[in-house]
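Listed below, chain by chain, are the residues.
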Amino acid sequence: MTGPGSAALLLLLAVLGAASGFAVLGTVVTPLRLGERIAIAIVAAFALDATVCFLLSLGLGLGPGSILLAPVVVGGGSLLLARRLQVSVIATWQASLEDARGRSRGTLALAVIAVVAAVAFALLFSRVMFQDAAGDLVTGYWIPDWGQHLITASSFSTAQNFPPQNPIMSGTPLYYPFLPDFTSGMLMRLGLGDGPSLWLPQVILAVVLVLLVVSLAERLGARMSVGVLAVLICFLGGGLGFVGALHDACTDAHYTSSECSVGYVITSPADGLGITAGTLHALPGLVADQPTSFDGMTSAPNSGTPVFSDQAWYTPLFAWWLPQRTLMEGFDVVVASLLILLAVFERARARLFDVGVAGFLVGLLPLIHVQSLFAIAVIAAGLAAIRWRRAWLLFAAVAALVAAPRVIQLMLAPHGSAALGNQYPWFEPGWLSGAINTTALGHSVTLSAIGSAIGNTLRLPFSGTWWGFWWINLGAAVPLCLAVLLLALARKFGRGAVRGAAGRVLGVFPPGLLRLLLACIPIFVLCNVVVLQSWDWDNTKLLVYWYLGVALAVSAITVWLWVGWWRRILAVLLAGSVLATGTLALLRVLPYEASSASVTGPYVVVPSNDMAMVAALDAKTSPHAVFLVSGSTEDFFDPIPLLTGRPVVMGYYPWLWSYGLDYGQRQADVAVATSGCGTTSLRDCAPILQILHRYDISYVEVNQTFTAAGVRWWAAQQLPVTASAPGITVYDVRGVS
């Protein structure tokens, strides 16, 4: 529980953070609606306060002083800058407030949306990691990635990881974008619990995301309803997995699989009415006891078998927004920056300082979410190509200048190992569709590979496999983008009736929204050509930005159709086809779901029995002491790196693989150390002694992931025991020479 002192510090941080955001956005004089300004201010406070606190912590360490000083520096610096620019921060906010009074209904609606979103996300995210009545740290969803985020946050809050080293690969730089986890580390350092420190920032950022997307839709010339529907699609949008639910409900109603096919129902109308009625009657029971994850996401227990073998687009809420903590903040920064730029470029004379603020926020993205930096670069280039303003150069220059140090570090970092198969970037035309055999391209970027990739990419539009893959995964999204692109070209280069017809069809979309969609389409193209990380599925972290454009476009069409009964039917079918699969996935996590189909656990992360051991290690070991743990696939919730933040020789290695790190030698060394040395004592076992010295290991954690012989061997060495818990013994090896 958070004590009174910690609660006071956390409250003070919230007040100072709000003040810093208020000051920063007070310098942005370009007219913004109140909802926009508040949302962008929160994003700016998150990014800037954490960045300044990190810089302060390099010299002062992470503590209450550096944490509370950071927003003071950001806010004070902004006020001094405003004074130098002769800008009244209060007047800037008053202008937005006056605008809100003139839009009272819209302002009230946005406030209601924010409250509903806050309640919904608090209920959802608070179950990601929490302490139950038994004192166990548990997770309500099967999200191993939050283990890595907790490790990184703990490394800052508990182990004072400055300058930052990779806590799951000791002695190496931390290339992973760490700023969101550093923010959680700040909260942990002030006394907030591990679980709330992780999920509370996500709740705030998720609510901000809702406000930003709704505001973006309005800024692009669409109605608020377009933005609200786009938010739902961004969180729940998917493909045709829902047909599996209809098929299973039909068979539950005692019809054969052939009778449950669409073709049979259409060609046999007499039987089709009864089959339809039986299916609808059985559907509620199936939804309450779903036998499978209809979106194809099968990583959690009770996930069943995918409806289609090539489902790769899972429900965004559970594939991105819940597990990918860095993406949430990165997405918010991108949309916040776009809103500033769009507002600036609406005016005949752009205020360059405000463009610079957008560029500065974008420049922080390498510390927050690298893929988001790539995405905004593509989108900004597209928007600039469609409607050029010289201020785009200033935006790019400021962003590049701020981002350069971290980008250079990442460019010089390892990019995987051929032996481990995690080299990147690499070419994969068609992405996961299997339309092109990419084996011959390998994982290297050569002239021949580039030529083959271009040739194979040009074949994709003529591949039924590729079109089928995207139809199953995202329904009409890709055909819609192709149609919009062709119509835009026809309107631009066509003549006479062709040009006029294309313009009338594109009139469904507000001009600004159309430009954004066209600017997002190149991201989809690039993701169907090149993989920018070790794991090809991680291209979804870029595709989420293309999907934002799709969500806005689908929503605009749906709202446009909402006139007359037959058009409303089309609107429901369009929106329903996009949202049905994700809605089923969301219903599966609700409390009424039968236990046989539940995917919400809770699953134990750290049992209460291990807490005393963790406390002992915190008290007895140096924050920078290196631990040897097994790093096995069964050990991603190892309590030592999770809660003490101490660096380990090699943590859960699939994470290291996905980050493109070469951990091959460490994996071999850990395998030797965890197996013991037979009948030879530790002092005479040269291989293990060399490993201990190579990585400057101070402690060895022996648990059930060691080999049985290894457990017995380490127990026989009569080493000092630093701490223990059921099934875990931590030996002190500092005195071994």
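Enquirer: Talk me through the pattern of salt bridges; I want residue IDs and the actual numbers.
Expert: On inspection of all chains with the given rule, the structure shows 11 salt bridges. The shortest N-O distance in the salt bridge between Arg101 and Glu98 comes to 2.6 Å. With Arg101 and Glu98 both in helix 4 (residues 89–102) and 3 residues apart, the pair spans about one turn of that helix. Residue Arg101 is classed as exposed on the basis of its relative accessible area of 55%. By relative accessible area, Glu98 is classed as partly exposed at 47%. Linked through salt bridges whose partners overlap, the residues forming this network are Glu36, Arg219 and Glu346.

Enquirer: Pulling in residues and values, what's your account of the environment of Val73?
Expert: Residue placement: Val73 occurs in helix 3 (residues 64–85). Considering only alpha carbons, one finds Val73 and Val52, 21 residues apart in sequence, at a separation of 7.7 Å.

Enquirer: Summarise the state of the cysteines; cite the residues concerned and give the values.
Expert: Counted under the stated rule, the structure contains 2 disulfides. A disulfide bridge connects Cys250 with Cys260, and the sulfur atoms are separated by 2.0 Å. Because the sign of the S-S torsion sets the handedness, a value of about -90 degrees for the bond joining Cys250 and Cys260 places this disulfide among the left-handed ones. Residue Cys250 is found in helix 10 (residues 242–252), and its partner Cys260 is found in the loop between helix 10 and helix 11 (262–267); the two are separated by 10 residues along the sequence. Here Cys260 falls in the buried class, since its relative accessible area comes to 12%. Between the sulfur atoms of Cys677 and its disulfide mate Cys685 the distance is 2.1 Å. Note on the Cys677 and Cys685 pair: the S-S dihedral is about 85 degrees, so by sign convention the disulfide is right-handed. The exposure class of Cys685 is buried, given its relative accessible area of 1%. Free of any disulfide, Cys481 has its nearest neighbouring cysteine sulfur in Cys520, separated by 8.9 Å.

Enquirer: Give a description of helix 26 (residues 611–620) that names residues and reports values.
Expert: The set of residues buried in helix 26 consists of Met613, Val614, Ala616 and Leu617. Each buried residue of helix 26 lies within a common arc of 160 degrees when the element is viewed along its axis, so the set occupies one face. Residues of helix 26 that are exposed and point over 90 degrees away from its buried face: Ala612 and Ala619. Along its buried surface, helix 26 packs onto strand 6 (626–628), helix 27 (639–644), strand 8 (721–725) and strand 9 (728–732).

Enquirer: Before we move on, can you summarise helix 19 (residues 447–459) with the specific residues and values?
Expert: Compared with the 18 Å implied by 1.5 Å per residue over 13 residues, the 19 Å span of helix 19 between its first and last C-alpha is a close match. Turning to helix 19, the residues buried within the fold contact strand 3 (426–427).

Enquirer: Hey, could you go over the packing of helix 2 (residues 34–60) against helix 14 (residues 325–345) for me, with residue numbers and the actual values?
Expert: Contact geometry for helix 2 and helix 14: axes closest at 10 Å, N-to-C directions at 130 degrees. As summarised for this structure, helix 2 and helix 14 are arranged oblique, according to the angle between their axes. Every pair of crossing elements has a handedness; the one defined by helix 2 and helix 14 is left-handed. Side by side, helix 2 and helix 14 meet where Glu36, Ile40, Val43, Phe46 and Ala47 of the first sit next to Glu329, Asp332, Val333, Ala336, Leu339 and Ile340 of the second. Considering only residue class, the contact of helix 2 with helix 14 consists of 8 nonpolar, no polar and 3 charged.

Enquirer: Explain a nonpolar patch on the surface to me, using residue names and the numbers behind them.
Expert: Taken together, the side chains of Val445, Leu447, Ile450, Ile454 and Leu458 make up a nonpolar region of the molecular surface, amounting to roughly 510 Å² of accessible area. Within the secondary structure, Ile450 is located in helix 19.

Enquirer: Describe the sheet that holds strand 9, listing the residues and the values that go with them.
Expert: Strands sit in the order 6-7-9-8 across an open sheet of 4 strands; the sheet is mixed. Taken across any chain shown, the strands that pair with only one partner, and hence form the sheet edges, are strand 6 and strand 8. Sheet twist, expressed as the average angle between the axes of neighbouring strands with direction ignored, equals 20 degrees. Along the sheet face, helix 26 touches strand 6, strand 7 (697–702), strand 8 and strand 9 and points at about 160 degrees away from the line of strand 8.

Enquirer: Describe the nonpolar core, with residues and values.
Expert: The biggest cluster of nonpolar side chains holds 230 residues, and the ones touching the most others in it are Phe125, Phe182, Trp321, Trp546, Ile697 and Trp714. Top contributing element to this core by residue count: helix 24 (residues 540–561), with 16 residues. Residues contacting Trp714, with those up to four places away along its chain left out, are Ala673, Leu682, Ile688, Val700, Val702, Phe706, Leu719, Tyr731 and Val733. In this structure, Phe242, Ala245, Leu286 and Val287 belong to the second largest nonpolar core, which totals 7 residues.

Enquirer: Residues and numbers for the packing of helix 8 (residues 194–219) against helix 14, please.
Expert: Two numbers describe a pair of packed helices, the interaxial angle and the distance between the axes. Across the interface, helix 8 lies against helix 14 with an axial gap of 9 Å and an inter-helix angle of 30 degrees. With respect to their mutual orientation, helix 8 and helix 14 come out roughly parallel. Judged by the twist between their axes, the crossing of helix 8 over helix 14 is left-handed. Classifying every residue of the contact of helix 8 with helix 14 by side-chain character gives 16 nonpolar, 3 polar and 4 charged.

Calculation criteria
Residues numbered from 1 in each chain as written. Predicted model: local features only at pLDDT ≥ 70, side-chain atom pairs only at ≥ 80, totals over all residues. Heavy atoms only, no water. Salt bridge = Lys/Arg side-chain N within 4 Å of Asp/Glu carboxyl O. Helix = DSSP H or I, 4+ residues; strand = E, 2+ residues; numbered from the N terminus. Buried < 20%, exposed > 50% of the residue type's maximum accessible area, 1.4 Å probe, protein only. Disulfide = S-S within 2.5 Å. Arc of directions from axis to C-beta. Contact = heavy atoms within 4.5 Å. Expected span 1.5 Å × (residues − 1). Axes fitted to C-alpha atoms, helices over the stretch in contact; angles between N-to-C directions. Parallel < 35°, antiparallel > 145°, perpendicular 65-115°, else oblique. Left-handed = near helix turned anticlockwise from the far one by under 90°. Nonpolar A, V, L, I, M, F, W, Y, C, P; charged D, E, K, R; others polar. Patch = residues over 30% accessible without salt bridge, like charges linked within 9 Å, V, L, I, M, F, W, Y side chains within 5 Å. Areas by Shrake-Rupley, 256 points an atom, 1.4 Å probe, with all protein chains shown as cover. Pairing = 2+ DSSP bridges. Core = buried A, V, L, I, M, F, W, Y, C linked by side-chain atoms within 4.5 Å.

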